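Chain by chain, the residues run as shown.
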Amino acid sequence: MNSVYLNAIGIVAPGIDNWPACRDVLTEKIKHQPLPIPKFSPQALPVNERRRSTATIRLALQAATEAINNSSVAAENIATVFATSNGDLEISSRICNALTMPERPVSPTDFHNSVHNAASGYWSIGSHCHLPSSSLSAGDASFSAGLLETITQVLNESQPVMLVAYDQPPPDIFANDKTVTAPFSVALVITPQQTDNSRAKLKVQATDHKEAPGLSIESLEVIRRGNPAGQALLLLDLAARQSIAHCQLPYHNGSSLLVDYLPC
């Protein structure tokens, strides 16, 4: 696969509100404290849409907003890929509960937010962007699948694309051995050409090699293993150190994506 360029990063995780904080944690300038994430309010949305947005949507939009604000691309001029393994299970839970009640009182707002591309729709409203947006899910490989889709679009369309990967812990009723245990959202702005804002050249290829060792910081490794979107931390670790290196991102059936990172 041909090379693309990493232009900007946004992130939300327990104890990490933005990319500078994440960079300082990954380089061990500060000790990570996995505190609960704050309640976000997407100011770009009109008041009514802001009120209707869910915690999962706000989680996705917070990372997307940081990335686009620090990129060289205007929000209205960038296509998007939204990747989530579970979608908004809080909404699914509320709708299922409503269907068990007399008269089945499903909230119109919950029904409106139940589609898989809800976060994408709210982003389009807030950013006034009319360019294509894709929403996908690939289970535990959702971040890798989203990255592949993003890079494919960048190369095929020769235009910038923003990847937003996110997942939120579900209600207890959905708990199983693959339950998301920590909220996490990451956004990457990827461009086809190098710009003054480019952080690195990326080259991605599939490999049959097994997954490489995880992060050395235990609290971040817990997040990475507890959220499919958190696999992005392996790539962000390279971005924080800004050195020529590579990482392996877990994909399907024991395969991986090998990402070469070359700082600009």
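Before any of the text, the structure's been laid out above.
One structure accompanies this document, and this report is about it. Quantities reported herein were computed from a predicted structural model and do not represent experimental measurements.

## What to know about the overall build of the protein chain
Consideration 1: Of the regular secondary structure elements, the protein chain holds nine helices and eight strands.
Consideration 2: The globule rule puts the C-alpha radius of gyration for 264 residues at 18 Å, and the 18 Å found for the protein chain is close to it.
Consideration 3: Based on the C-alpha atoms only, the size of the protein chain along its principal axes is roughly 60 × 40 × 35 Å.
Consideration 4: Evaluated residue by residue, the protein chain yields a buried proportion of 51% over its 264 residues.
Consideration 5: The contacts in the protein chain between residues at least 6 apart in sequence include a share of 71% that link residues at least 24 apart.
Consideration 6: As presented, the protein chain carries roughly 12,400 Å² of accessible surface, and 50% of it is formed by carbon and sulfur atoms.
Consideration 7: Between the mean site of the 18 positive side-chain charges and the mean site of the 23 negative ones, the protein chain shows a separation of 3 Å.

## Observations concerning the sheet that holds strand S4 (residues 161–167)
Consideration 1: Taken together, the eight strands give an open sheet; going across it, the order is S3-S2-S4-S5-S1-S6-S8-S7, and neighbouring strands pair in mixed fashion. What marks the edges here is a single partner per strand, and that holds for strand S3 (133–136) and strand S7 (245–250). Strand-to-strand twist in this sheet, taken as the mean axis angle between neighbours without regard to direction, amounts to 30 degrees.
Consideration 2: The sheet contact formed by strand S6 (residues 200–207) and strand S8 (residues 256–263) spans eight bridges and is antiparallel. When the bridges of S8 are listed, valine 204 appears paired with valine 259.
Consideration 3: Along the sheet, helix H7 (residues 142–157) contacts strand S1 (4–12), strand S2 (79–83), S3, S4, strand S5 (184–191), S6, S7 and S8; its crossing angle with S4, the most-contacted strand, is approximately 170 degrees.

## Observations concerning the pairing of S8
Successive residues of a regular strand alternate their side chains across the two faces of the sheet.
Consideration 1: Two strands pair when backbone bridges link them, and S7 and S8 are joined in this way by six bridges, in the antiparallel orientation. In the sheet register, cysteine 247 faces S8, and the bridge partner there is valine 259.
Consideration 2: The turn linking S7 back onto S8 is made up of five residues, and asparagine 253 within it adopts a positive phi angle of 55 degrees.

## Quick word on the pairing of S6
Consideration 1: Bridge count between S1 and S6: three bridges; the pairing is antiparallel. Considered in S6, the bridge of leucine 6 is made with alanine 200.

## Overview of the nonpolar core
Consideration 1: One finds Trp19, Phe143, Leu147, Phe184, Leu188 and Leu236 to be the most contacted residues of the largest nonpolar core, which totals 49 residues.
Consideration 2: Considering each element in turn, this core owes the most residues, eight residues, to helix H9 (residues 232–241).
Consideration 3: Filtering out sequence-adjacent residues up to four positions away, leucine 188 remains in contact with Leu6, Ala8, Ile9, Phe143, Leu147, Val161, Met162, Leu163, Leu235 and Leu236.
Consideration 4: Grouped together as the second largest cluster of nonpolar side chains are 22 residues, Leu45, Ala67, Trp123 and Tyr166 included.

## Things to note about the packing of aromatic side chains
Consideration 1: Applying the stated criterion across every chain, the model contains one aromatic pair.
Consideration 2: Ring centres of phenylalanine 82 and tyrosine 166 lie 6.4 Å apart, and the angle between their planes is 75 degrees; this geometry places the pair in the edge-to-face category. With phenylalanine 82 in strand S2 and tyrosine 166 in strand S4, this residue pair connects regions lying 84 residues apart in the sequence. Neither phenylalanine 82 nor tyrosine 166 differs from the other in exposure class; each is buried.

## Considering the environment of tyrosine 122
Consideration 1: As for its position among the elements, tyrosine 122 is in helix H6 (residues 118–127).
Consideration 2: What tyrosine 122 contacts, discounting residues up to four positions off in sequence, is Leu45, Glu49, Arg52, Ser53, Ile57, Leu61, His112 and Asn113.

Analysis parameters
Residues numbered from 1 in each chain as written. Predicted model: local features only at pLDDT ≥ 70, side-chain atom pairs only at ≥ 80, totals over all residues. Heavy atoms only, no water. Helix = DSSP H or I, 4+ residues; strand = E, 2+ residues; numbered from the N terminus. Rg over C-alpha atoms; globule rule 2.2 N^0.38 Å. Buried < 20%, exposed > 50% of the residue type's maximum accessible area, 1.4 Å probe, protein only. Contact = heavy atoms within 4.5 Å. Areas by Shrake-Rupley, 256 points an atom, 1.4 Å probe, with all protein chains shown as cover. Lys, Arg positive; Asp, Glu negative; His and termini not counted. Charge placed at Lys NZ, Arg CZ, Asp CG, Glu CD. Pairing = 2+ DSSP bridges. Axes fitted to C-alpha atoms, helices over the stretch in contact; angles between N-to-C directions. Core = buried A, V, L, I, M, F, W, Y, C linked by side-chain atoms within 4.5 Å. Phe/Tyr/Trp six-rings, centres within 6.5 Å; stacked < 30°, edge-to-face > 60°.

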